[in-house]
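# Structure assessment
Next come the chains, spelled out residue by residue.
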Amino acid sequence: SSSSSSSSSLSPAFGDRGADSRAQNAGPGAFLSSLVRGQGGRPLTAEQRQQQDAAARAAANPFSSFLTTFGAVPVSGFSLHRLLSQGETVFLFPGGAREALKRKDERYTLIWPEKSEFVRMAARFGATIVPFGAVGAEDCFNQVLDGDDVLNLPVVGDFFRERSSRIPQARRGVNVSEEHVDQFVQPLITFNAPSRFYYAFGRPITTTPEMANNKAECEEVYQEVRGGVDDCLSWLLRNRERDPYKDVLKRVAYEYAWGGSRKAPTFSLPGEAQRKEQQQQDVQKQGSPQLEEQKQPQ
């Protein structure tokens, strides 16, 4: 169950905003979203493993060796080409380290490169692109000093600037301004109570090999994907206020009362009814006695 794949404090909630947006096709696919310090990845990949026969591979920054524990590969054109050519599904976060290490005033803001290279790569293999939004990780901490503040500190700033310059730039050549260049400078943060994580998947966007050499068409798809991610983020930020178990203490109390066998319910999520029905059908096919546990308490 989801409760076993993540702690009660997170209790991730998933919803589909587009028809069949999990792209359960036989070909390659790519899930595109924003990236927030890598904190939302584990609940997401755990859920994806439950919903599909094969798990998606996340493309992470080259220095993020920790993420390889969850099947991530270094983000590069070579890695993306290899995975898509093998028909695999890929989680890709175009914002990279610059988006993960945001500034104080950039909460839930997309910071994507200007060039649409990943769309051209997806089109070469006719991959389906699914935009999705992830909300919750950025509420888990407050920034006392962001990356710019750290770099402006005497002595310490020079140390981190020199250290950052030695780390490979995964997005080199696709940015158009210095403010979008990856800077691997950790901010100084304080932690809040664990926030609930919410995920929404948008409408799948199909590509064809013929699109790969059409720059204008790739740019149009790029803007559609970015708009889809923005739409998912905005929708989640609005609707999570209706979650009766948004507060961590209420979530923990509810799930403790169920002995950890139930995840705290949330607001109505698109696709939730269809997803639960499919889960129950899968359990019935397997002859599992856990069918009763799939039902939400009233």
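Here goes a summary of the coordinates provided. (Residues numbered from 1 in each chain as written. Predicted model: local features only at pLDDT ≥ 70, side-chain atom pairs only at ≥ 80, totals over all residues. Heavy atoms only, no water.)

At Y108, a position not held by glycine, the phi torsion is positive, near 55°. Mapped onto the secondary structure, Y108 falls in the loop between α4 (96-100) and α5 (117-124). Here V155, not a glycine, exhibits a phi torsion of approximately 65°, which is positive. In this structure, V155 sits in the loop between α6 (147-151) and α7 (156-165). A residue is classified by how much of its surface remains accessible, and V155, at 68% relative accessible area, is exposed. (Helix = DSSP H or I, 4+ residues; strand = E, 2+ residues; numbered from the N terminus. Buried < 20%, exposed > 50% of the residue type's maximum accessible area, 1.4 Å probe, protein only.)

We now examine a nonpolar patch on the surface. Residues L153, V155 and V156 make up a contiguous nonpolar surface patch of roughly 250 Å² in combined accessible area. Structurally, the position occupied by L153 is in the loop between α6 and α7. For L153, a relative accessible area of 33% translates into the label partly exposed. (Patch = residues over 30% accessible without salt bridge, like charges linked within 9 Å, V, L, I, M, F, W, Y side chains within 5 Å. Areas by Shrake-Rupley, 256 points an atom, 1.4 Å probe, with all protein chains shown as cover. Salt bridge = Lys/Arg side-chain N within 4 Å of Asp/Glu carboxyl O.)

Moving on, we get to the nonpolar core. Counting residues in each nonpolar core, the largest one holds 34 residues, and the members touching the most others are L80, W112, F118, V119, I129, V221 and V225. Mapped by element, the contributors of at least two residues to this core are α3 (77-85), β5 (89-92), α5, β6 (128-135), β9 (198-201) and α8 (215-239). In terms of residue count, the dominant contributor to this core is α8 (9 residues). Listed in part, the 13 residues of the second largest apolar core include F14, A134, Y199 and F201. (Core = buried A, V, L, I, M, F, W, Y, C linked by side-chain atoms within 4.5 Å.)

Note that every value here comes from positions in space, so none of it alone points to a role or purpose.
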